[in-house]
Amino acid sequence: MQFANLGRTALKVSKLCLGTMNFGPETTEPDSFAMMDKALEVGINFFDTANGYGGKKGEGITEQILGRWFAQGNRREKIVLATKVYGTMGDGQNDRGCSAYQIRAACDASLRRMRTDRIDLYQMHHIDRTAPWDEVWQAMDQLVQQGKVLYVGSSNFAAWNIATANQEASRRHMLGLVSEQSKYSLITRNIELEVLPACKFYGVGVIPWSPLEGGLLGGVLAKETNSSRRVNERNKKRTDELRPQLQQWEDFCRELGHAPADVALAWMLANPVITAPIIGPRTMDQLTGSLRVFDIKLDDAAHKRLDEIWPGPGNQAPEAYAW
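Just so it is clear, the model here is predicted, and its values are computed rather than measured. (Residues numbered from 1 in each chain as written. Predicted model: local features only at pLDDT ≥ 70, side-chain atom pairs only at ≥ 80, totals over all residues. Heavy atoms only, no water.)

**Re the nonpolar core**
The tendency in soluble globular proteins is for nonpolar side chains to be buried side by side. Counting residues in hydrophobic clusters, the biggest one holds 83 residues, and the most contacted among them are Tyr122, Met124, Met140 and Trp249. Residues contacting Met140, with those up to four places away along its chain left out, are Val85, Ile103, Tyr122, Met124 and Val152. Counting residues in hydrophobic clusters, the runner-up holds 12 residues, among them Cys17, Val80, Ala82 and Ile207. (Core = buried A, V, L, I, M, F, W, Y, C linked by side-chain atoms within 4.5 Å. Buried < 20%, exposed > 50% of the residue type's maximum accessible area, 1.4 Å probe, protein only. Contact = heavy atoms within 4.5 Å.)

Quick look at the structure:
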């Protein structure tokens, strides 16, 4: 397994991040335990979750699964644990967002559910436009001082949110954001315009979510032919809209001799701004299959062809987004 620094910190994390969003709703607890054990066995030390994962408002089902896994012993200190705050966790007026009240309450609740004394990376799941940065950073600083949180990150932030957050943190003599989770894939490349350059400038690690675009980059047409994929209406509509490009994509992956999902991850890992894409396996086969990505090296010709199939924002030349 390859490793990288988490943003401008000295902390080392694996170049793949295990996303746990399917643990509970899609994957049984025993299977979730087995996948987390396997992830550790193959060297994945970076686990990502959120207080809202699990499908039942306010219960933090996925965090509870992690907590019971930790309780088996000899696991917690082997991983870098990331979770998130923002989502609606109750029916009260203050049960969501990033107020100081909610940050502190949500952190304590996540710690209880996960049966741990600290969160290594505490991420704001979305920007809270009602919360002043002085309030946010004061609350986060208190958690850091108490040892409940080590690092703070963001998710789904615009570039100017990242810039503002870190400028305000610097004013308070705080480390600020060390990571950003954004949706990013060959299909969805809009963060190349401003978010990735902002992250590079501020030394913020990038942890992309949905690197396979909800499965569309995982060989959806071949699976469609084999009738082996569960297709919801939204994915079916997007598949139909993107069918010409998807056909070119899957044909090119066959020419390369690699599975489409592996090529999509290899393309992402070739970008030095990326810290670790989040893989969200439902099954053990999906988890172990992701490890093939480290055997793939895409040359300049392959990158050029991928830019032709999936152009970056504005259809500008690839060199406009050189990092």
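Structure shown, so let's carry the discussion forward.
**Some thoughts on the sheet that holds strand E5 (residues 80-85)**
Across the sheet, which stays open at both edges, the 8 strands sit in the order E9-E8-E7-E6-E5-E4-E3-E10 with parallel pairing between neighbours. Of all the strands in the sheet, the pair left with one neighbour each is strand E9 (205-206) and strand E10 (278-279). Where strand E4 (residues 46-48) meets E5, 3 bridges bridge the pair, whose relative direction is parallel. Paired with Phe47 across the two strands is Leu81, which belongs to E5. (Pairing = 2+ DSSP bridges. Helix = DSSP H or I, 4+ residues; strand = E, 2+ residues; numbered from the N terminus.)

**Considering the pattern of salt bridges**
Counting across every chain of the model gives 24 salt bridges. Residue Glu77 pairs with Arg118 through a salt bridge whose shortest N-O separation is 3.1 Å. With Glu77 in the loop between helix H2 (61-70) and E5 and Arg118 in the loop between helix H3 (100-114) and strand E6 (119-124), the pair connects residues that are 41 residues apart, well separated along the chain. Here Glu77 falls in the exposed class, since its relative accessible area comes to 62%. For Arg118, a relative accessible area of 16% gives the class buried. The partner of Arg243 in a salt bridge is Asp240, with the nearest N and O atoms 2.8 Å apart. Pair noted here: Arg243 and Asp240 are both in helix H8 (residues 233-256), with a separation of 3 residues, about one helical turn. A residue is classified by how much of its surface remains accessible, and Asp240, at 38% relative accessible area, is partly exposed. (Salt bridge = Lys/Arg side-chain N within 4 Å of Asp/Glu carboxyl O.)

**Quick look at the packing of helix H5 (residues 159-171) against helix H6 (residues 195-202)**
Packing of H5 against H6 brings their axes to within 8 Å, and their N-to-C directions diverge by 20 degrees. On the basis of their axis angle, the class for H5 and H6 is roughly parallel. Contact residues: H5 offers Ala159, Ile162, Ala163, Asn166 and Gln167, while H6 offers Val195, Ala198, Cys199 and Tyr202. Here the residues of the contact of H5 with H6 sort into 7 nonpolar, 2 polar and no charged. (Axes fitted to C-alpha atoms, helices over the stretch in contact; angles between N-to-C directions. Parallel < 35°, antiparallel > 145°, perpendicular 65-115°, else oblique. Nonpolar A, V, L, I, M, F, W, Y, C, P; charged D, E, K, R; others polar.)

**Re the confidence of the model for the protein**
Keep in mind that low pLDDT regions are not for reading the predicted coordinates in detail. A residue-level look at the protein finds 94% of positions with pLDDT of 70 or above and a mean pLDDT of 94. Scored below 50 in pLDDT, residues 317-323 shows 12 contacts in the model against residues more than four places distant or in partner chains. (pLDDT = per-residue confidence, 0-100.)

**Observations concerning the packing of helix H4 (residues 133-145) against H5**
As a packed pair, H4 and H5 sit with axes 10 Å apart at the nearest point and diverge in direction by 65 degrees. By crossing handedness, the relation of H4 to H5 is classed as right-handed. Along the contact surface, H4 presents Trp133, Asp134 and Trp137, while H5 presents Asn161, Thr164, Ala165, Glu168, Ala169 and Arg171. Per-class residue counts for the contact of H4 with H5 are 4 nonpolar, 2 polar and 3 charged. (Left-handed = near helix turned anticlockwise from the far one by under 90°.)

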